[in-house]
Amino acid sequence: CWAERRAEYLHCYHAGSTVGSIFHPEGETLYFGVELETDNYDYRDQAAKALYTLSDEELLFWQEEDCSLHNGIEIITQPCTLDYHRQHFPWLKIREIVRQFGGRGEGTDHAALHIHFSKSFYKGIHSELYQLRLIYIFERFWEELTKAARSSEYLLNRSAQKYSCPSYFFHGRSKPTIARLKHNYHRYQGVNLNSSQSQTIEIRIFRSTLSVSTILASIELVDFLVRVAKKTSTHRLQAMTWAGL
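Since the model is a prediction, treat every value here as computed from it, not as a measurement. (Residues numbered from 1 in each chain as written. Predicted model: local features only at pLDDT ≥ 70, side-chain atom pairs only at ≥ 80, totals over all residues. Heavy atoms only, no water.)

Novice: So what exactly am I meant to see when it comes to the overall build of the protein here?
Specialist: If you tally the helices and strands in the protein, you get ten helices and seven strands. Relative to the compact-globule value of 18 Å for 245 residues, the protein shows a C-alpha radius of gyration of 18 Å, a close match. For the C-alpha atoms alone, the extent of the protein along its principal axes is close to 60 × 40 × 30 Å. Sequence separation of at least 24 residues holds for 79% of the intrachain contacts in the protein that already meet a minimum separation of 6. Here the protein displays about 11900 Å² of accessible surface, and carbon together with sulfur accounts for 50% of that area. Computed over 28 positive and 28 negative side-chain charges, the separation of the two mean positions in the protein equals 9 Å. (Helix = DSSP H or I, 4+ residues; strand = E, 2+ residues; numbered from the N terminus. Rg over C-alpha atoms; globule rule 2.2 N^0.38 Å. Contact = heavy atoms within 4.5 Å. Areas by Shrake-Rupley, 256 points an atom, 1.4 Å probe, with all protein chains shown as cover. Lys, Arg positive; Asp, Glu negative; His and termini not counted. Charge placed at Lys NZ, Arg CZ, Asp CG, Glu CD.)

Novice: What is the right way to read helix 4 (residues 91-100) from this model?
Specialist: Each α-helix turn comprises 3.6 residues. Residues three or four places apart therefore point the same way. Taken as a whole, helix 4 has its buried residues at Trp91, Ile94, Ile97 and Val98. Taken around the axis of helix 4, the buried residues stretch over an arc of 125°, which confines them to a single face. Exposed side chains of helix 4 directed beyond 90 degrees from the buried face belong to Lys93, Glu96 and Gln100. Taken together, the buried residues of helix 4 touch strand 2 (32-38), helix 2 (44-54), strand 3 (61-64), strand 4 (73-77), helix 3 (82-87) and helix 9 (212-231). (Buried < 20%, exposed > 50% of the residue type's maximum accessible area, 1.4 Å probe, protein only. Arc of directions from axis to C-beta.)

Novice: Can you walk me through the pairing of strand 7 (residues 200-207) in this structure?
Specialist: Each regular strand shows side chains that alternate between the opposite faces of the sheet. Across the eight residues that make up strand 7, a large majority, seven, are buried. As paired strands, strand 6 (residues 191-192) and strand 7 are joined by two bridges and run antiparallel to one another. From the neighbouring strand, Val191 faces strand 7, where its bridge partner is Ile203. (Pairing = 2+ DSSP bridges.)

Novice: Please clarify how the pattern of salt bridges should be interpreted in this entry.
Specialist: A side chain of one charge can pair with a side chain of the opposite charge if their charged atoms are brought near each other. Counting across every chain of the model gives four salt bridges. Two residues, Arg44 and Glu65, come together in a salt bridge whose shortest N-O distance is 3.1 Å. With a gap of 21 residues between them, Arg44 in helix 2 and Glu65 in the loop between strand 3 and strand 4 connect regions that are remote in the sequence. On the basis of relative accessible area, Glu65 is assigned to the partly exposed category, the value being 26%. Glu202 is paired through a salt bridge with Arg204; the nearest N and O atoms lie 3.2 Å apart. (Salt bridge = Lys/Arg side-chain N within 4 Å of Asp/Glu carboxyl O.)

Novice: Whenever I open this one, the sheet that holds strand 3 confuses me. Can you help?
Specialist: One open sheet holds the seven strands; their spatial order is 1-3-4-2-5-7-6, and the pairing between them is mixed. The two strands at the open ends of the sheet, each matched to only one other strand, are strand 1 (10-11) and strand 6. Contacts between helix 2 and the sheet are confined to strand 1, strand 3 and strand 4, with strand 3 contributing the most and set at about 160° to the helix. Contacts between helix 5 (residues 127-140) and the sheet are confined to strand 5 (112-118), strand 6 and strand 7, with strand 7 contributing the most and set at about 10° to the helix. (Axes fitted to C-alpha atoms, helices over the stretch in contact; angles between N-to-C directions.)

Right, here's the structure in full:
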């Protein structure tokens, strides 16, 4: 009976929410979904039950198992605007529950923090151009961004790799270039174009944390870079320095 009950709280990997996508609030153009991996629980089943109660029957977030974790829970938010994450999402209460039952974010070997954003924010005839610019930003400022993300060499090598494309790769037509990147590279890239959630692009460079300010800062960084890629010309990006971003 408990195994069946736990399945209600803790889904299989990539099973998704039982209620589908719930947008907070509706009617906006740019949403962020966070995958927070937590691990090393002393009492994982009890934590899953408490988190499920907090999730408002998954209207706010849901939980999945992840084989890359030892005894962990992956907490996956519904799509929320940056302001909703800042003002309304129960990050503090999530942190309290995870800690109460012995779970950790920092200090684990395998736990990461992934952030999805709405691909529709890049809709239109320049969609692939914006995506290519975003990848270019990450490729060019990889060292600085992965340092800001607190990532480890292990996590980057395992599941958040560079494309390491030659610079000329970014000078061609954007639509066929993006098609080649999606075909030739797997989803374990720092900027993942092959997300299991087909309506999003996933940024995978962050290390897990239970610090609410760090979680919010990570979302803010993604928001900033996503907007820079959309509003800044390719020529200007190529001349830009890290200090000038």
